[in-house]
Amino acid sequence: KNMKFIERREMFEETLALASNVIDLKAKLPDQVFRNEIQEFLFIDVDEVFTEEFYGRMNKFVGSVDESTWYFLDPDPWKPFLDSGKYPAFEITTNDLYEDYWQIVSQGPSKGTEYAFFYAGTSRFILFSRSLRWCVLVDRNFEMGIAGFRNNDLAERFRTAFGGENVYNLEDAVDMFV
């Protein structure tokens, strides 16, 4: 199965509703965006999200918490997406290839909308799973991603999956991003 954009409005709305359980979709950084259940935080560099290393490490993390699927969602869709009949969200399984991931994040939803793709055209997006135990909010305006977890065990599994590379605690993030 190849990754593809969600093409039905009700599926997109269901994905938005699911994400809203972990993140207040109306709130923007620097305001509080995470729901109360999310207690632990780590930080990542925005540019990492599109790399093969990041993709492999995310799949390793997802597998380490006994899950097999995760979502990539733009909560603020641009009109070209909506006009194309495609919605800026897709499901990823741990068996999907990086090449499929790169193709979907680097393409526009249809001809003539190449500027409306995730890689260059989206200011914030969310990675999360149906378990609602973790999520990653990436905000280009702040040049960072914040990974939020319901508990320390999940945060440590994330750090382990990433081998400690390009994952920062609050103190390190302040030094790097501020």
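Before reading further, recall that the structure is shown in the block above.
Visitor: Account for the overall build of the protein, with residues named and values stated.
Guide: Looking only at helices and strands, the protein has 7 helices and 7 strands in total. Relative to its 178 residues, the protein shows a buried fraction of 49%. Of the contacts formed within the protein by residues at least 6 apart in sequence, a portion of 68% connects residues at least 24 apart. Accessible surface computed for the protein: about 8,800 Å², of which carbon and sulfur atoms make up 47%.

Visitor: Which residues make up the packing of aromatic side chains, and what values do they have?
Guide: A complete count under the given rule lists 18 aromatic pairs for this structure. Ring plane angle 40 degrees and centroid distance 6.1 Å describe the contact between Tyr-55 and Trp-70, whose orientation is recorded as tilted. Placement of Tyr-55 in helix α2 (residues 52–64) and of Trp-70 in strand β2 (residues 69–73) is noted, with a sequence separation of 15 residues between them. Grouping aromatic residues by their ring pairs yields a cluster made of Phe-50, Tyr-55, Trp-70, Phe-72, Phe-90, Tyr-98, Tyr-101 and Phe-125.

Visitor: An account of helix α1 (residues 9–19) is needed here, citing residue identities and associated values.
Guide: Taken residue by residue, α1 has Phe-12, Thr-15, Leu-16, Leu-18 and Ala-19 as its buried positions. Down the axis of α1, the buried side of the element spans an arc of 160 degrees, and every buried residue falls inside it. Those residues of α1 that are buried lie in contact with β2, β3 (89–93) and β4 (124–128).

Visitor: Quick rundown of the nonpolar core? Include the residues and the values.
Guide: Formed by 34 residues in total, the largest nonpolar core has its most connected members in Phe-72, Tyr-101, Trp-134 and Phe-158. Setting aside its immediate chain neighbours within four residues, Trp-134 contacts Met-58, Phe-61, Val-62, Val-65, Glu-67, Trp-70, Leu-127, Phe-128, Ser-129, Gly-148 and Phe-149. One finds Phe-12, Val-22, Phe-128 and Leu-137 within the second-largest nonpolar core, a separate group that totals 27 residues.

Conventions adopted
- Residues numbered from 1 in each chain as written.
- Predicted model: local features only at pLDDT ≥ 70, side-chain atom pairs only at ≥ 80, totals over all residues.
- Heavy atoms only, no water.
- Helix = DSSP H or I, 4+ residues; strand = E, 2+ residues; numbered from the N terminus.
- Buried < 20%, exposed > 50% of the residue type's maximum accessible area, 1.4 Å probe, protein only.
- Contact = heavy atoms within 4.5 Å.
- Areas by Shrake-Rupley, 256 points an atom, 1.4 Å probe, with all protein chains shown as cover.
- Phe/Tyr/Trp six-rings, centres within 6.5 Å; stacked < 30°, edge-to-face > 60°.
- Arc of directions from axis to C-beta.
- Core = buried A, V, L, I, M, F, W, Y, C linked by side-chain atoms within 4.5 Å.

Remember, this is a structural readout, not a statement about activity or role.
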